[in-house]
Amino acid sequence: MPIDPMMLNAILGTFKNMIEECKTKNLSGSDFDKMCETYARMEQLGNEHSDFNEYNAQLMNENLYGKFSDFYGRILTAEANAQSDDGGGYDDAAMLKQNVDALKQAIVAIRKSYQDTIEQAKGQDTEANMQMGLEYIERNIDKEILSAAGGLDNIKSSTKKDYEETIKKKPNAFDNSVEVEVMSNPEVLIKPIQDIIDLGEKPGMTLPRFLRLQIETGLDKAMEGSVSTRNGLETQKEFILSNPISPIHIQVVEQKLEKFDELANANKFKVPNSTELKYAFEDIERLHENDIQKWDQIKTRWNDLLGDLSFWSLSYCSFAPYIQPWASALDPVAATKKTQNTSPGIFKEREKLFQKYFGISFYEIFKQPTFLWEVKYNYIDHSQEFVEFLIEKIYPECKPFNHLSHDLIEQRGLFCKRGKDSKDREANPQSHFPLERMIELYDKKYGTGRYHSKYDAVEKNESAAKPWDLSSFKH
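Criteria and thresholds
- Residues numbered from 1 in each chain as written.
- Predicted model: local features only at pLDDT ≥ 70, side-chain atom pairs only at ≥ 80, totals over all residues.
- Heavy atoms only, no water.
- Helix = DSSP H or I, 4+ residues; strand = E, 2+ residues; numbered from the N terminus.
- Buried < 20%, exposed > 50% of the residue type's maximum accessible area, 1.4 Å probe, protein only.
- Polar contact = N/O pair within 3.5 Å; in protein donor to acceptor, adjacent residues only side chain to side chain.
- Contact = heavy atoms within 4.5 Å.
- Phe/Tyr/Trp six-rings, centres within 6.5 Å; stacked < 30°, edge-to-face > 60°.
- Core = buried A, V, L, I, M, F, W, Y, C linked by side-chain atoms within 4.5 Å.
- Axes fitted to C-alpha atoms, helices over the stretch in contact; angles between N-to-C directions.
- Parallel < 35°, antiparallel > 145°, perpendicular 65-115°, else oblique.
- Left-handed = near helix turned anticlockwise from the far one by under 90°.
- Nonpolar A, V, L, I, M, F, W, Y, C, P; charged D, E, K, R; others polar.

Asker: I'd like to hear about unusual backbone geometry, residue by residue, with values.
Answerer: A cis amide bond links Gln 324 to the next residue, Pro 325, at an omega of 10°. One can find Pro 325 in the loop between helix 15 (274-314) and helix 16 (332-358). Its identity is not glycine, yet Asn 378 carries a phi of approximately 65°, on the positive side. Position of Asn 378 among the secondary structure elements: in the loop between helix 17 (369-376) and helix 18 (384-394). Positive phi is not limited to glycine here, since Phe 401 has a value of about 70°. Mapped onto the fold, Phe 401 is located in the loop between helix 18 and helix 19 (406-413). What makes Phe 401 exposed here is its relative accessible area of 83%.

Asker: Explain the side chain of Ser 313 to me, and be specific about the residues and the numbers.
Answerer: Residue position: Ser 313 is located in helix 15. Of note is the side chain of Ser 313, whose polar atom sits 2.8 Å from the side chain of Arg 412. When near neighbours in sequence (up to four residues on either side) are disregarded, Ser 313 contacts Leu 390, Ile 394, Leu 404 and Arg 412.

Asker: Tell me about the packing of aromatic side chains, and please be specific about residues and values.
Answerer: Going through the model one piece at a time under the given rule, you end up with 25 aromatic pairs. Ring geometry for Phe 362 against Tyr 395: centres 3.9 Å apart, planes inclined by 10°, an arrangement best described as stacked. Pair noted here: Phe 362 is in the loop between helix 16 and helix 17 and Tyr 395 is in the loop between helix 18 and helix 19, with a separation of 33 residues, a long-range link. For the residue pair Phe 362 and Tyr 395, the accessibility class agrees, reading buried in each case.

Asker: Describe helix 18, listing the residues and the values that go with them.
Answerer: Structural remark: α-helix, 3.6 residues per turn; residues separated by three or four positions point the same way. Counting buried positions along helix 18 yields eight of 11 residues, so the element is predominantly enclosed. Every buried residue of helix 18 is listed here: Gln 384, Phe 386, Val 387, Glu 388, Phe 389, Leu 390, Ile 391 and Ile 394. Next to the buried residues of helix 18 lie helix 15 and helix 19.

Asker: Describe the nonpolar core, and please don't skip the residues or the numbers.
Answerer: By size, the foremost hydrophobic cluster in this structure holds 38 residues, and its most contacted members are Met 35, Met 42, Phe 68 and Phe 210. Ranked by the residues each element gives to this core, the list is headed by helix 5 (residues 92-121), at eight residues. Met 42 has contacts with Leu 12, Phe 15, Tyr 55, Leu 59, Leu 64, Tyr 65 and Phe 68, leaving out every residue within four places of it along the chain. Of all hydrophobic cores here, the second largest spans 30 residues; its members include Ile 365, Phe 371, Cys 398 and Leu 404.

Asker: Hey, could you go over the environment of Ala 327 for me, with residue numbers and the actual values?
Answerer: Tracing the chain through its elements places Ala 327 in the loop between helix 15 and helix 16. The contacts of Ala 327, once residues within four sequence positions are left out, are Pro 321, Tyr 322 and Pro 332.

Asker: Provide a residue-level description of the packing of helix 10 (residues 187-200) against helix 11 (residues 207-217), including the pertinent values.
Answerer: Between helix 10 and helix 11, whose axes approach to 10 Å, the crossing angle comes to 140°. In terms of their interaxial angle, helix 10 and helix 11 are classed as oblique. By crossing handedness, the relation of helix 10 to helix 11 is classed as right-handed. Within the contact between the two elements, helix 10 uses Ile 196, Leu 199 and Gly 200 and helix 11 uses Phe 210, Leu 213 and Gln 214. Residues that form the contact of helix 10 with helix 11 fall into these classes: four nonpolar, two polar and no charged.

Here it is as structure tokens:
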């Protein structure tokens, strides 16, 4: 769903007026075309995004405000030069003022958009939007369907109750203003624009000198938004280091930062060429693309193998017909027997393909970098003792036409929480650690307690298993 037209027009109205002004003056050329392309990109993003905050953030990240104003200034300069060549009474001071005023107007538009975005992000119209949604239901949903749901009054009552309970527990659940204020602050983009304005307002400045000095001092390059790009990379690195998917993802963002600094240092203005930077980043991503895919595939495949062993062994437990997925079958008992009979064959074929394509045997999984990484960062779902049980007890028995002994079935059942006195020993007791790391970073960036004022508390599983300790892991 695109951004509401009223909100979109409030942002884009100024820029659209500039285009209309140029059309009225019959101005054209490559700069005019690029200005129109920039505006079209602004409109395109407005149609692609449903979240106003994300839309404004992308406008700023792509520096579309600055680019539009730059092209607009060039068009006015070209117009002035044409008037001078035709003897049309060229007024240098007036044209310089037009250029500077266009840049000032861009800053006003950027700051207004930023403030409007913060206001929108406060979520003050959440109740009004909720009411509009209920009115839409009343107008468009069949009366019989509404009646089956308890009637519109019941829906309104439960919706209001849910909203009030949410606000009571999480007062900032619908307020994203702090996040927008921190992540989308435009001052880093405004500073280089203001530097050009200051240059244009120096005593005795002329338009030709103004344009020449922009190039000679690199102010035109600084306005491309490269500082924002580097800040974005630093933020990306923070989040990656908080919960790194793989060491390769860390390498990618670090190499991008290194390349940014390398290109900046090679430029006398300490600003990397935006086009060169773009292609350099694409090269880095292509360089690591296969390694990332291989990492993901290996991790997925051994997770499937452990899942197969867990699933197969669980199907023998007496309570299996009463839990999912077997409980949903027409004949739950028959469904468990089908799992018992077919899963070993499926497991062996998966194991064979894993060995064929990655050269990794079952026992080699547990020395594999992907496995060690998952354990280190608490991503693995299973506890250490349960994985050891699968390796030592279940794997040797998981082969076609073989079935688990009564003793192993009893042992498997003890890992599951089935009664008041039983305890779960199957799950990793530290599986909540990744979220806690993310919360720590979130509060560091947006303020202490901010996460819990917006989202549910961390849910810890009830696993009685000991935390993972690779030094005691036997495999």
